[in-house]
Amino acid sequence: MVWIVAKDLTKVIRSLQTTAVARCRERLDEAAARAKDLISRSEDDNGKTPANGKPEYGVTSVLKRRHGL
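What this report covers is the structure whose coordinates are included nearby. The shown structure was predicted, so the numbers you read here are calculated from the model rather than taken from an experiment. (Residues numbered from 1 in each chain as written. Predicted model: local features only at pLDDT ≥ 70, side-chain atom pairs only at ≥ 80, totals over all residues. Heavy atoms only, no water.)

1. Structural notes on a nonpolar patch on the surface
The line we're drawing: Surface patches are drawn from residues lacking salt bridges whose relative accessible area is over 30%; two like charges belong together within 9 Å, two nonpolar side chains (Val, Leu, Ile, Met, Phe, Trp, Tyr) within 5 Å. Surface accessibility follows the Shrake-Rupley procedure with a 1.4 Å probe radius. Residue values consider only the protein chains on display as shielding. What counts as a salt bridge is simple: a side-chain nitrogen of Lys or Arg found within 4 Å of a carboxyl oxygen of Asp or Glu. Numbering of helices and strands starts at the N terminus; helices are DSSP runs of H or I of at least 4 residues and strands are runs of E of at least 2.
On the surface, a cluster of nonpolar side chains totalling about 280 Å² of accessible area is made up of Val-5, Leu-9 and Ile-13. For Leu-9, the location among the structural elements is in helix α1 (residues 2-46).

2. Observations regarding the pattern of salt bridges
Our working rule: A simple rule labels every residue: compare its accessible area, found with a 1.4 Å probe on the protein chains alone, to the largest value its type can have, and call it buried under 20%, exposed over 50%, or partly exposed in between.
Tallying each qualifying case throughout the model produces 1 salt bridge. Note that Glu-26 and Arg-23 form a salt bridge whose closest N and O atoms lie 3.3 Å from each other. Here the residue Glu-26 and the residue Arg-23 both occupy positions in helix α1, the gap between them amounting to 3 residues, near one helical turn. When its relative accessible area of 42% is taken as the criterion, Arg-23 is described as partly exposed.

Written out as structure tokens, the structure is:
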């Protein structure tokens, strides 16, 4: 009886873990899409690039450039 309960719990834990990882991946993809959108809007708005001539694509860089944060 204990073996069956332990087996069921293992299945439940694995299922929850898989669901949590999948949700995290979805949230990361959504954040990346939002960051891409911010970057493209920022570059369209003012066309500025950093002093070294290479555009910076990080969210922090966009926030600093666009909002002075």
